[in-house]
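These are the residues of each chain, in order.
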Amino acid sequence: MAVELRPLGVACNIACQYCYQHPQREVGGKQKPYDLTKMKEAIIKEGGPFALFGGEPLLVPVDDLEELFSWGLEQFGSNAIQTNGTLITDRHIELFKSYKVSVGLSVDGPGKLNDVRWSRSLVNTREQTEKTHQSIRNLVQQGVIPGLIVTLHKGNASIDKLPLMEEWIKELDQLGIRSVRLHLMEVDNDAVGAKYQLSPEENVQAMMFFHQLEKELSQLRFDVFGEITNLLKANDKQTSCVWNACDPFTTRAVRGVEGNGSRSNCGRTNKLGIDFVKSNTPSFIRYVSLYNTPQEAGGCKGCRFFMMCKGHCPGTSIEGDWRNRTEHCEVWKSLFETKEAELVAEGELPLSLHPAREIIEQQMIAHWSEGVNCSIQSILLKLLIATNTTDKNHEKTERP
Amino acid sequence: MKKPNDHSIILPASYTYAWVSDEARIAWHQRLEAANKAIILSTLSGLEHGNWERRSFRLYGNAWLFFLSEIGKTNFQYTSTIDRSASSGTRLCRTVEVYRQQGEVGLLGSSIESIDMQPSIWEAAVSSEQGRLLKENCFEFDSMLMKVLLWQDMGLSFFSDCLASLIDTQLEQLIESHLVWMNEVGLDQESDDIRTILTWPVSWSSLHGIQEIRTPLFKIAKNDPSYHPEKVTVHFLGKDLPKEMPEGLEFPYERSKSRKITGSKSFKKGMEQILE
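Note that the structure is predicted; figures quoted are calculated from it, not measured.

About the thresholds
- Residues numbered from 1 in each chain as written.
- Chains lettered and ligands numbered in written order.
- Predicted model: local features only at pLDDT ≥ 70, side-chain atom pairs only at ≥ 80, totals over all residues.
- Heavy atoms only, no water.
- Contact = heavy atoms within 4.5 Å.
- Buried area = accessible area lost by both parts, 1.4 Å probe.
- Salt bridge = Lys/Arg side-chain N within 4 Å of Asp/Glu carboxyl O.
- Axes fitted to C-alpha atoms, helices over the stretch in contact; angles between N-to-C directions.
- Helix = DSSP H or I, 4+ residues; strand = E, 2+ residues; numbered from the N terminus.
- Parallel < 35°, antiparallel > 145°, perpendicular 65-115°, else oblique.
- Nonpolar A, V, L, I, M, F, W, Y, C, P; charged D, E, K, R; others polar.
- Buried < 20%, exposed > 50% of the residue type's maximum accessible area, 1.4 Å probe, protein only.
- pLDDT = per-residue confidence, 0-100.
- Pairing = 2+ DSSP bridges.
- Right-handed = clockwise from strand over helix to strand, strands pointing away.
- Patch = residues over 30% accessible without salt bridge, like charges linked within 9 Å, V, L, I, M, F, W, Y side chains within 5 Å.
- Areas by Shrake-Rupley, 256 points an atom, 1.4 Å probe, with all protein chains shown as cover.

Undergrad: Mind laying out the interface of chain B and chain A, listing which residues take part and the relevant values?
TA: Listed per partner, the contact involves 53 residues of chain B and 52 residues of chain A. For the pair chain B and chain A, the summed buried area comes to about 4,500 Å², and 62% of that belongs to carbon and sulfur atoms. The largest per-residue losses of area from chain B upon contact with chain A belong to Met 271, Leu 275 and Glu 276 of chain B, which jointly make up 14% of the total buried on that side. There are two salt bridges connecting chain B and chain A. Between Lys 231 of chain B and Asp 321 of chain A there is a salt bridge, with the nearest N and O atoms lying 3.5 Å from each other.

Set out below in C-alpha cells:
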C-alpha cells in the first residue's frame, strides 16, 4: 500500500463537478507551503513507497518533482503519480521515464464525454480534455503506459453515450492502454447528484456494457470485473481497498502525507471538509453493524455477497453516513450475481453459494468484534490448518 | 416509512477517536488529561477539607491508575466496579465512590447510577421541554446535564452523584462550586479549561448501534447500547469555540454558510451547462 503524498493538498487546476475533494475545498484555508524534508521524513516513518497525489500534483514545480522522484527511486525503487493529465509536458515524461514513475490518469472520455471534468468554461474544458488525450498519446509514444481512472455519470455513460465510449475504449486498447478502473460517481452534493448521477439501473446497464466490451478487447482490462470474480473465488489477496472493510477513522489502504508532513486519511471519507488526523485505534464496528442491520434500514443483513463486498467503501455510503452501506449496493449486487452465474455455469462453486460461507462470516465478525481486520484467505488458511490438524489427530487415534 | 427497529441488535464494545488536527492535539491533549487529574485531586482535597462526605467518579483507562496513586496517599475508603456497559475494548470504565469517613462504605448506599439507568441522549432530547426540533430526528438542545454526561462518557471524569436526578440549575451550581474549589486549591488553569470545555457545542448522533460524537477538537465513534435504524441527532449548543477548531461543513464546525466551490460562478456555470 503506497503512501499518498499531497504536497499541495487538494489544490487543482480544474474543478470536476463531482470531485470527492470538494468538501475540503469548500471551507479550505490558505494553501500552506510544503516542506520537502518533512514530507520525506513522514514517508520514511510510514514505510513508503509513495504515490504523488493531489488535487493535481503536477502543479508542484518540476525541480521539486525531480527531487521527490529521484529520492523515491533511491529509497523504494519506483515512483507513482495520479494526475488529470492536463499539465504533462515533455519534461515531465522525461522524469517519468528516468525515475520509473507509474502514471495514473483520470479522464472520463474524449470531447464532450469529459465535460463534467469542468474547467471554468466549456471552451477551456474542451481544451483541457484535448490536452489530456494528447498527454495519453505522448506517454504511450514514449513507452510510459498510463493506467486510467474513468468515472461514470450522465455525461459519459447514459445509454446514448455508450457507443461513443466503446469507440474510445477500443482506441485506447489499440493504443496500448492495459488498465482502466471504472468508478461509480460518488455524490457529495445533492444538485450534482441530481444532474449527473446515473440511476442504479443506468449504472448496471453501463457496467454490463463494459463487461461485454472487455471480451472484445485485446489487452485493455477493467479491473473491477476481475476483482469481483476473484472475490467470489475467495481470493481477496490483491483486491482494491473498497472490498476490504475500510475503517474510516484509519483508512488503512491510504496513508496520506500532507505538505507539512502531517498524516491524513483517504479523502473519500472526508465529508465534513476537515482532514481529521488518522486515529491510532482501528475499529471495524461498521462491518459488524452492517452485518446485523436489515437491508431496508441501510445495512447488509442476509446478503450472500456480504463477505466479499462488506458494504463497500464508507466514502460511498448512503447519505454520506459511513454507518450505512454503499449507495451503489444495487449495482454491485447485480455484478456479483452476474459473475456468480458465470462461475456456476463453468462448474465452479462461488463463495456466495458455498456451505462454508457462514462459518467464514462468523470468523470475520469475531475478528472485527476484537478490533482486527483479516482477509478471507487468512480465514480459509486457519480453517484448513484446523481441519488438517483434526484429521491427523483422528488418524492417530484410529491407528491400531 | 418507519424502518424496522430490532432491539436485539447489540454491537460489541468499540471506541475510536480522531483529532481535527495535529495542532489541536498538541494544544489540548495534555490539558484534557490535566483537567481529568485535577478533578480527582480536587475531589480528594475537598473530602479532606470536609466539603463533602463522599464523591463518585467514572474513570476511564489511565485516570484509574492516577486515582489509585492519589488515594494511596490518604486514609479514604473507596469502592470500585468495572462498568461493562460503559467499557469499550481496552478502555475500561470503572465507577468509583470515595468516602470521607471510615466505615461509611455501604452504609450510605451507592450514589452512582449505572449508565444503563441514566436516560439515553436521545430519550432525554425527545422528552425534554428544552429540546427544539430542527428537522426530523434532529434536536437542538441546551442542557448542561446531558452535555456533562456526554463529556463524562468521553472520559472527562465529572462527579457522578445521582446525575440523572439533578436538574440543570442544580448541576450548574454543583459544577460551579467544585470549580471554585479547584481555584481555591490552586488548580486555576484546569478549572478554566473545564469551564471552557463546557461552553463548546457538541454534536451527537446514533445510527445502527454506533454513536458518533463530534466536539470542536475531535470526533469519537463508539457502540451505542440503544439501536436506532434511522439516524438520530442531537446538537448541544455552545457559545464558545476553541481557536484550534477548523472550519467545516456541518455542526459544530460550520461557522459560515458560504461555499468556495459550489458557491462560485465557475461551478454554477458548469452546472448550467447542458450535457450534449
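Undergrad: Got a sec to walk through the packing of helix 1 (residues 22–49) of chain B against helix 5 (residues 168–184) of chain B? Specific residues and values, please.
TA: Residues and elements named next belong to chain B. Contact pair helix 1 / helix 5: the axes reach a minimum separation of 10 Å and the direction vectors enclose 90 degrees. In terms of orientation, helix 1 and helix 5 fall into the roughly perpendicular class. Along its contact with helix 1, which presents Ala 38, Ile 39, Ser 42, Thr 43, Ser 45, Gly 46 and His 49, the element helix 5 presents His 178, Trp 181 and Met 182. Here the contact of helix 1 with helix 5 is built from residues that sort into four nonpolar, six polar and no charged.

Undergrad: Give a detailed account of the pattern of salt bridges, specifying residues and quantitative values.
TA: Residues and elements named next belong to chain A. Under the defined criterion, the tally for this structure stands at 39 salt bridges over all chains. In this structure, the salt-bridge partner of Arg 91 is Glu 94, at a minimum N-O distance of 3.6 Å. Of this pair, Arg 91 and Glu 94 are both found in helix 4 (residues 90–98), three residues apart, which corresponds to roughly one turn of the helix. Look at Glu 94 and you get partly exposed, because its relative accessible area is 46%. Between Glu 186 and Lys 271 there is a salt bridge, and its shortest N-O distance comes to 2.7 Å. Residue Glu 186 is located in the loop between strand 6 (179–184) and helix 7 (190–196), and its partner Lys 271 is located in the loop between strand 9 (263–264) and helix 10 (285–292); the two are separated by 85 residues in the primary sequence.

Undergrad: For the side chain of Asn 203 of chain A, give the residues involved together with the corresponding values.
TA: Residues and elements named next belong to chain A. By the secondary structure assignment, Asn 203 is in helix 8 (residues 200–214). Judged by its relative accessible area of 3%, Asn 203 is buried. In this view, Asn 203 contacts Leu 184, Leu 198, His 328 and Val 331; residues no more than four positions away in its chain are not counted.

Undergrad: Hey, could you go over the confidence of the model for chain B for me, with residue numbers and the actual values?
TA: Residues and elements named next belong to chain B. Overall, the prediction assigns chain B a mean pLDDT of 86, with 88% of residues at 70 or greater. Below a pLDDT of 50 lies the segment residues 107–116, which in the model reaches 31 contacts outside its immediate sequence neighbourhood of four places, other chains included. Interface confidence for the predicted complex, given as ipTM, is 0.91, next to a pTM of 0.92.

Undergrad: Could you give an account of the pairing of strand 6 of chain A, with specific residues and numbers?
TA: All names here are of chain A. Of the two faces of strand 6, the one holding Val 180, Leu 182 and Leu 184 is buried and the one holding Ser 179, Arg 181 and His 183 is not buried anywhere. Inspection of the sheet shows strand 5 (residues 147–152) paired to strand 6 by five bridges, in the parallel sense. When the sheet's bridge partners are listed, Thr 151 is paired in strand 6 with His 183. In this fold, the crossover linking strand 5 to strand 6 by way of helix 6 (residues 162–175) has right-handed handedness. Of the strand pairs in this sheet, strand 6 and strand 7 (residues 221–222) are connected by two bridges, and their pairing is parallel. If you follow Val 180 over to strand 7, its bridge partner there is Phe 222.

Undergrad: Give me the lowdown on a nonpolar patch on the surface, citing residues and values where you can.
TA: Residue and element names in this part refer to chain A. Taken together, the side chains of Val 344, Leu 349 and Leu 353 define a hydrophobic patch exposed on the protein surface, amounting to about 260 Å² of accessible area. Within the fold, Leu 349 resides in the loop between helix 12 (329–345) and helix 13 (357–369). Look at Leu 349 and you get exposed, because its relative accessible area is 51%.

Undergrad: Tell me what's going on with the sheet that holds strand 1 (residues 3–6) of chain A, and back it up with residues and numbers.
TA: Residues and elements named next belong to chain A. Reading across from one edge, 7-6-5-4-3-2-1-8-9 is the order of the nine strands in this open sheet, with mixed pairing throughout. Bordering the open sheet on either side are strand 7 and strand 9, each of which pairs with just one other strand. Across the sheet, helix 3 (residues 62–76) is in contact with strand 1, strand 2 (50–52), strand 3 (79–83) and strand 4 (101–106); its angle to strand 2 comes to roughly 160 degrees.

Undergrad: Can you explain the sheet that holds strand 2 (residues 54–60) of chain B? Please cite residues and give values.
TA: Residue and element names in this part refer to chain B. A sheet is described by the order of its strands in space; here three strands give the open sequence 2-4-3, paired in antiparallel fashion. Looking at strand neighbours, the two that pair on one side only are strand 2 and strand 3 (77–82), the edges of this open sheet. Between one strand axis and the next, the sheet turns through 20 degrees on average, direction left out of account. With six bridges joining them, strand 3 and strand 4 (residues 93–99) adopt antiparallel strand pairing. The residue of strand 4 that forms the bridge with Thr 79 is Glu 97. Along the sheet, helix 1 contacts strand 2 and strand 4; its crossing angle with strand 2, the most-contacted strand, is approximately 165 degrees.

Undergrad: Could you give me a rundown of the pairing of strand 7 (residues 202–207) of chain B, with the residues and numbers involved?
TA: All names here are of chain B. The element strand 7 is extensively covered by neighbouring structure, given that six of its six residues are classed as buried. Covered by surrounding structure in strand 7 are Val 202, Trp 204 and Ser 206 together with Ser 203, Ser 205 and Leu 207, the residues of both alternating faces. Both strand 7 and strand 10 (residues 232–236) contribute to a ladder of five bridges, which runs antiparallel. The residue bridging Ser 203 from the neighbouring strand is His 235, located in strand 10. Between strand 7 and strand 8 (residues 210–214), which pair antiparallel one after the other, the connecting turn spans two residues, and His 208 there sits at a positive phi close to 55 degrees.

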